[in-house]
Protein chains: 2
Amino acid sequence: MEQLQELLERIIQRVNINLREPLFDAAPYIEGLVPWEQMVKFYAFYGIAPQYPPNFYFSRSNLAGSYFLGKCHVSDSILYKSDIRGDELKRKGDIFHYEGFAVPLHEDETIHIKNSCLVKTLVHNNSHDPEHPEEFTIYNTVSTHYANIHGSDVEGCFLGPFSTVDLTTLHDCVIGEFVYLQKKELAHHQVPAGTIWISAAGAFDFHYRHDPEILQNYIRFEPGGMPKGIFMDFVEDRKEDFQRIFDAFNLESFGVIPDSASLSRYAVVKPKVRIKENVLISQRAYVKNSYMGKGANAQENCFIIDSHLSGYDVTAHGAKIIHAHLGENVFVGFNSFLRGADGFQLKIGENSIIMPHTIIDLAEAVTIAPSSVVWGFIRNQDDVDQNSIPLAEIAAIDGEFTRGRMHFKGSGKNFADAFRHRIEHILEANGAYFDGREKMGHAQQSQIISYNIIQPYPEGANKGLYPTIEILP
Amino acid sequence: MEQLQELLERIIQRVNINLREPLFDAAPYIEGLVPWEQMVKFYAFYGIAPQYPPNFYFSRSNLAGSYFLGKCHVSDSILYKSDIRGDELKRKGDIFHYEGFAVPLHEDETIHIKNSCLVKTLVHNNSHDPEHPEEFTIYNTVSTHYANIHGSDVEGCFLGPFSTVDLTTLHDCVIGEFVYLQKKELAHHQVPAGTIWISAAGAFDFHYRHDPEILQNYIRFEPGGMPKGIFMDFVEDRKEDFQRIFDAFNLESFGVIPDSASLSRYAVVKPKVRIKENVLISQRAYVKNSYMGKGANAQENCFIIDSHLSGYDVTAHGAKIIHAHLGENVFVGFNSFLRGADGFQLKIGENSIIMPHTIIDLAEAVTIAPSSVVWGFIRNQDDVDQNSIPLAEIAAIDGEFTRGRMHFKGSGKNFADAFRHRIEHILEANGAYFDGREKMGHAQQSQIISYNIIQPYPEGANKGLYPTIEILP
């Protein structure tokens with residue numbers, strides 16, 4: 001295992017060189033994070049499907065538990081149960097439109113991960129960096145538990161647990177726990193824990209920061225230890241349910257689901273789940289005793305428990321919905337944590353937007369009006385007023401606006417339009433609108449896929465390292 | 001699936017071009033052999049172990065169910081549940097001794113399979129062709145159910161079901177059902193079903209042919225159909241027991257076995273099996289209610305049922321031992337079928353050699369004296385006399401000797417020495433003599449291995465074809 005340990009030291013050094021400004025030492029955060037025995041025991045896998053011509057290259061890396069699809073190159077890296085796909089990569093000949101530029105791709109886009117350590121990180125590949133559209137790059141970066149690298153090139157970064165970088169190109173940044181960042185580009189910045197910051201230069205800027213005292217109950221990460229708090233406990237408590245789906249090669253199928261719906265064989269579906277047309281349940285999603293209405297989805301690392309999703313509801317990567325009733329067309333952003341209870345349900349009216357990284361953890365029944373925008377931290381009905389606004393009202397803002405810990409400036413219309421546009425893109429891409437012939441998306445295309453399973457050397461100096469693997473069509 | 005079907009046609013054409021002399025049409029034998037649906041459903045796998053640096057290259061092929069280890073290149077081929085390893089390949093710098101030549105290897109030996117179709121064929125790689133020791137080649141060849149290609153380069157051949165070519169380089173030959181051939185080199189020959197022919201030019205020649213009338217009860221293969229008979233029924237009846245080991249990713253382990261023994265996770269071990277030190281049970285072996293004494297082995301595709309192997313017993317590839325008691329140091333050759341029954345056991349005395357492709361299918365209890373050489377077809381004690389000879393007696397022959405359907409000429413001493421030498425090599429290579437520190441072999445070295453699992457395209461024109469895969473250390 002010497003080689004694997006040396007690799008981790010090398011990665012830490014590379015990250016620290018990048019982070020010398022801001023001055024940050026990644027080492028004490030990482031050294032305990034890598035579960036060496038599991039790095040040897042867990043397998044990684046890649047999908048073979050005609051729609052996503054494979055192009056995989058893995059070298060000098062450990063990939064334990066990760067999932068690859070499409071075109072992915074990984075070298076000198078340690079990935080642990082990281083969900084990495086390649087099903088939204090751009091193709092040769094595509095035109096990538098970005099702020100007035102029309103950039104034609106001269107070759108297929110490929111995910112490149114190098115000198116990086118990703119622990120249970122989701123990588124989603126709908127990248128938005130116009131500077132090198134053929135390469136989606138993650139270099140010299142450490143990303144910790146349940147962080148989302150979402151269409152974001154990152155280089156020389158440290159991403160705290162449950163953070164999300166979304167459509168943001170990052171250079172040499174430290175991103176705190178539970179930060180949500182959508183800012184096109186950011187360099188040499190340290191973003192404090194619990195910040196939700198959405199900024200479109202010249203158009204709008206949405207800013208909220210969770211109360212650090214409250215947030216630390218949910219997630220905290222101190223040097224030398226593991227991430228701790230309610231979020232970690234919640235996920236760890238359900239870890240065993242995932243064991244079975246990784247242990248069996250051919251699973252008994254989960255009863256009948258509509259032809260147009262798709263349920264990953266790497267998702268956990270517990271009893272009493274109903275799945276309607278065009279539903280997408282992604283790998284490592286967890287659904288229990290819930291109704292998934294037409295076109296609803298549960299993306300990677302989502303948990304949907306004792307809940308009702310009426311239809312066309314989006315559950316973005318890592319979101320958790322427990323004891324909730326969602327009207328149609330509700331968007332629940334990344335890593336949001338929505339928890340009602342048996343006696344008091346959370347009701348969310350149709351067309352509402354739950355901003356990424358919102359915590360709604362109820363002490364009483366709460367109802368959110370239709371067409372609301374919701375953020376922050378909510379325990380009861382009173383909190384809703386300080387942490388939401390009607391969509392029509394925010395769309396009317398032009399200038400500055402503050403409510404509770406949230407500060408907004410710029411064009412509310414642009415903000416609302418951008419959200420609505422993006423939600424439509426997600427529903428479309430996921431196949432929510434498939435009519436039996438047209439408007440296919442992931443729900444229809446992900447149905448037929450072969451999984452190839454790869455493991456590392458079980459003994460010797462290379463223990464824990466995978467052999468060099470190249471897969472081409 | 002168009003590409004896969006075209007591939008099969010191409011292979012048939014290549015084989016037929018090679019077999020124009022002797023004039024032979026492989027097509028009607030093959031067309032029904034390939035179970036298309038299983039070619040898509042079954043996975044293949046390769047082992048990653050520090051002792052066998054991987055070098056795999058697979059292209060334009062289907063590999064359903066096959067097992068690769070070491071260095072194997074497969075292109076334009078269809079392999080179906082073929083056991084192919086690479087754990088006895090020669091290495092760069094090795095000196096290969098052959099009839100007075102000392103041939104140094106200038107690179108590592110690799111198995112090359114091209115334009116071939118192997119159906120449930122075992123390939124064992126201890127090759128003996130001195131002409132290109134760096135390449136163990138299987139080209140333009142069709143090999144059918146449970147044939148063994150054992151250390152034998154083959155080109156342009158058709159191998160019938162349950163045949164074995166052993167240490168024989170074959171060019172453009174048709175090998176009938178249940179033929180055992182060990183003849184160094186053979187070209188443009190058609191060998192009739194049931195022939196057992198062991199020939200060391202200038203030293204000795206052992207020849208036996210099973211009665212075709214009797215043999216067809218055990219195995220027959222007619223154009224347009226599948227192989228039929230007792231051998232096929234026996235194997236098919238136990239097929240379901242193998243399902244479970246391929247379905248589970250991590251199997252519950254089979255109780256305690258000695259540290260020095262090795263049990264493949266792809267073997268079937270049914271209740272009441274005892275495994276002693278230095279035992280080797282290979283993948284796709286099947287052991288039930290039996291005792292495996294120290295250093296005994298069950299090689300690929302063996303079945304050992306209701307039997308007692310005292311120790312240092314070799315069960316060569318594909319042999320079946322049912323209701324038998326073997327003394328120490330008994331060798332049971334390839335594809336032999338030894339079947340006693342509940343009321344009448346088969347007893348084989350120590351140091352005996354059961355020649356490859358022997359059928360002992362009892363109608364009464366039978367005892368074989370220690371240090372016998374046994375061949376042919378035996379139903380009762382009387383048959384033993386016509387189908388065996390004391391080892392000392394055959395070693396004394398110098399010239400011609402006939403017994404029943406067996407004909408021998410040459411030096412009996414050379415024949416006996418060659419067998420004894422080979423059995424020692426097998427026991428040594430398998431680790432039967434491991435003393436806790438030295439004399440390691442497969443039983444000790446095969447214990448720690450990772451299996452990587454590969455599958456073909458599940459849909460589209462390439463359905464059933466695997467992507468191009470390259471694996472290097």
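Residues numbered from 1 in each chain as written. Chains lettered and ligands numbered in written order. Predicted model: local features only at pLDDT ≥ 70, side-chain atom pairs only at ≥ 80, totals over all residues.

1. A word on the overall build of chain A
Operational definition: Helix and strand labels come from DSSP, where a helix needs a run of H or I of at least four residues and a strand needs a run of E of at least two; each type is numbered from the N terminus. Only the C-alpha atoms count toward the radius of gyration. The rule for a globule is 2.2 Å times the residue count to the power 0.38. To sort residues by exposure, count the other C-beta atoms lying within 10 Å of each residue's C-beta; 20 or more gives buried, 12 or fewer gives exposed, and values between give partly exposed, all with C-beta atoms placed from the backbone. Contact between two residues is assigned whenever their backbone-derived C-beta positions fall within 7 Å.
Counting secondary structure elements, chain A contains ten helices and 49 strands. The globule rule puts the C-alpha radius of gyration for 473 residues at 23 Å, and the 21 Å found for chain A is close to it. The dimensions of chain A, computed from C-alpha atoms along their principal axes, are 60 × 55 × 45 Å. Counting over 473 residues, chain A shows a buried share of 54%. Considering only contacts in chain A between residues 6 or more positions apart, those separated by 24 or more positions represent 37%.

2. Comments concerning the sheet that holds strand S42 (residues 366–368) of chain B
Residues and elements named next belong to chain B. Rules: Should DSSP find at least two bridges between two strands, the strands are regarded as paired.
The six strands are arranged S27-S30-S33-S36-S39-S42 in an open sheet whose pairing can be described as parallel. Pairing within the sheet leaves two strands with one partner each, and these edge strands are strand S27 (274–275) and S42. In terms of strand pairing, strand S33 (residues 308–309) meets strand S36 (residues 324–326) through two bridges, oriented parallel. Bridging across to S36, His-308 finds its partner in His-325.

3. Things to note about the environment of Glu364(A)
Residues and elements named next belong to chain A. The residue Glu-364 is located in the loop between strand S41 (359–361) and strand S42 (366–368) in this model. Taking the C-alpha atoms as reference points, Glu-364 and Asn-380, 16 residues apart in sequence, are found 5.7 Å from one another. Glu-364 has contacts with Phe-344, Asn-380 and Gln-381, leaving out every residue within four places of it along the chain.

4. Remarks on helix H1 (residues 2–18) of chain A
Residues that lie three or four places apart on an α-helix share one face, since the helix turns once every 3.6 residues. Residue and element names in this part refer to chain A. The condition that has to hold: Here, expected helix span is obtained from the residue count minus one, scaled by 1.5 Å. Comment: arc refers to directions from the helix axis out to C-beta atoms.
For H1, with 17 residues, the first-to-last C-alpha span of 25 Å sits near the 24 Å given by 1.5 Å per residue. Turning to H1, its buried residues are Leu-4, Leu-7, Leu-8, Ile-11, Ile-12, Arg-14, Val-15 and Asn-18. Taken down its axis, H1 places every buried residue within 165° of arc, on the same side. Along H1, exposed side chains directed more than 90 degrees from the buried face belong to Glu-2, Glu-6, Glu-9 and Ile-17.

5. Observations concerning the nonpolar core
Basically, it comes down to this: As used throughout, a nonpolar core is a set of buried Ala, Val, Leu, Ile, Met, Phe, Trp, Tyr and Cys residues joined through C-beta atoms within 7 Å of each other.
In this structure, Ile175(A) and Ile175(B) are the most contacted members of the largest nonpolar core, which totals 292 residues. Those residues in contact with Ile175(B), other than ones at most four positions away along the chain, are Cys157(B), Phe158(B), Leu159(B), Gly160(B), Ser163(B), Val165(B), Leu181(B) and Val191(B).

6. Focus: the sheet that holds strand S30 (residues 291–292) of chain A
With respect to topology, six strands assemble into an open sheet ordered S27-S30-S33-S36-S39-S42 (chain A), the strand pairing being parallel. What marks the edges here is a single partner per strand, and that holds for strand S27 (274–275) and S42 of chain A.

7. Some points on the pairing of strand S47 (residues 406–411) of chain A
All names here are of chain A. Note that strand S24 (residues 204–209) and S47 share five bridges and pair antiparallel. Its bridge partner lying in S47, Tyr-208 is registered against Met-406. For strand S46 (residues 398–403) and S47, the ladder comprises six bridges, and the chain directions are antiparallel. Bridge pairing in S47 places Gly-399 opposite Gly-410.

8. Looking at unusual backbone geometry
All names here are of chain A. Omega for the peptide link from Glu-21 to Pro-22 comes to 5°, which places this bond in the cis form. In this structure, Pro-22 sits in the loop between H1 and helix H2 (27–30). With a phi angle near 45°, Asn-289 is a residue other than glycine that sits in the positive phi range. One can find Asn-289 in the loop between strand S29 (286–288) and S30.

9. Digging into the interface of chain A and chain B
Heads up, the condition is: Residue polarity follows a fixed list, in which Ala, Val, Leu, Ile, Met, Phe, Trp, Tyr, Cys and Pro are nonpolar, Asp, Glu, Lys and Arg are charged, and the others, Gly among them, are polar.
Taken residue by residue, the interface counts 30 residues in chain A and 30 residues in chain B. Elements with a contribution of two residues or more to the side of chain A that touches chain B: helix H6 (239–247), strand S48 (450–454) and strand S49 (468–472) of chain A. Its residues assigned to classes, the side of chain A that touches chain B comprises 20 nonpolar, seven polar and three charged. Here S49(A) pairs with strand S49 (residues 468–472) of chain B via five bridges, running antiparallel. Across the sheet, residue Ile471(A) finds its bridge partner in S49(B), namely Ile469(B).

10. A look at the confidence of the model for chain A
Short version of the rule: Per residue, pLDDT captures the predictor's confidence, and it can take any value from 0 to 100.
When pLDDT is averaged along chain A, the result is 94; 99% of the residues meet or exceed 70. Taken over the whole predicted complex, pTM reads 0.92, whereas the ipTM for its chain interfaces reads 0.89.

11. Some points on the domain arrangement of chain A
Residue and element names in this part refer to chain A. Put simply, the rule is: Either an automatic procedure or a domain database provided the assignment from which the domain bounds are taken.
Partitioning chain A into structural domains gives domain 1 (2–235 + 449–471) and domain 2 (243–397 + 416–445). Inter-centroid distance (C-alpha atoms) of domain 1 to domain 2 is 24 Å. Between domain 1 and domain 2, the contact holds 24 residues from the first and 21 residues from the second. Every element with two or more residues in the side of domain 1 that touches domain 2 is listed here: strand S11 (122–124), strand S14 (148–150), strand S17 (164–166), strand S23 (195–200), helix H4 (212–218) and helix H5 (230–237).

12. Some remarks on the relation of the copies chain A and chain B
So the rule is basically this: Least squares is used to superpose the copies, and the fit set is the C-alpha atoms of residues whose pLDDT is at least 70 in both copies.
Note on the copies: chain A fits chain B at an RMSD of 0.0 Å, the axial shift is 0.0 Å, and the rotation between them is 180°. Expressed as a symmetry operation, the mapping of one chain copy onto the other fits a two-fold axis. Mapped onto chain B, 100% of the interface residues of chain A again fall at the interface, so both copies present the same surface.

13. Focus: the environment of Gly202(A)
Looking at the element boundaries, Gly202(A) is found in the loop between S23 and S24. Considering only alpha carbons, one finds Gly202(A) and Lys409(A), 207 residues apart in sequence, at a separation of 10.0 Å.

14. Digging into the pairing of S24(A)
Residues and elements named next belong to chain A. Here S24 shows a clear split, with Phe-204, Phe-206 and Tyr-208 buried on one side and none of Asp-205, His-207 and Arg-209 buried on the other. Relative to S24, S23 runs antiparallel, the two sharing six bridges. Residue pairing for S24: Ile-196 is matched across the bridge by Tyr-208. The turn joining S23 and S24, which pair antiparallel and follow one another in sequence, is formed by three residues; a positive phi near 85° is taken by Gly-202.

15. Points about the environment of Pro53(B)
Within the secondary structure, Pro53(B) is located in the loop between strand S1 (44–48) and strand S2 (55–59). As for Pro53(B) and Pro473(B), which are separated by 420 residues in sequence, their C-alpha atoms are 5.8 Å apart.

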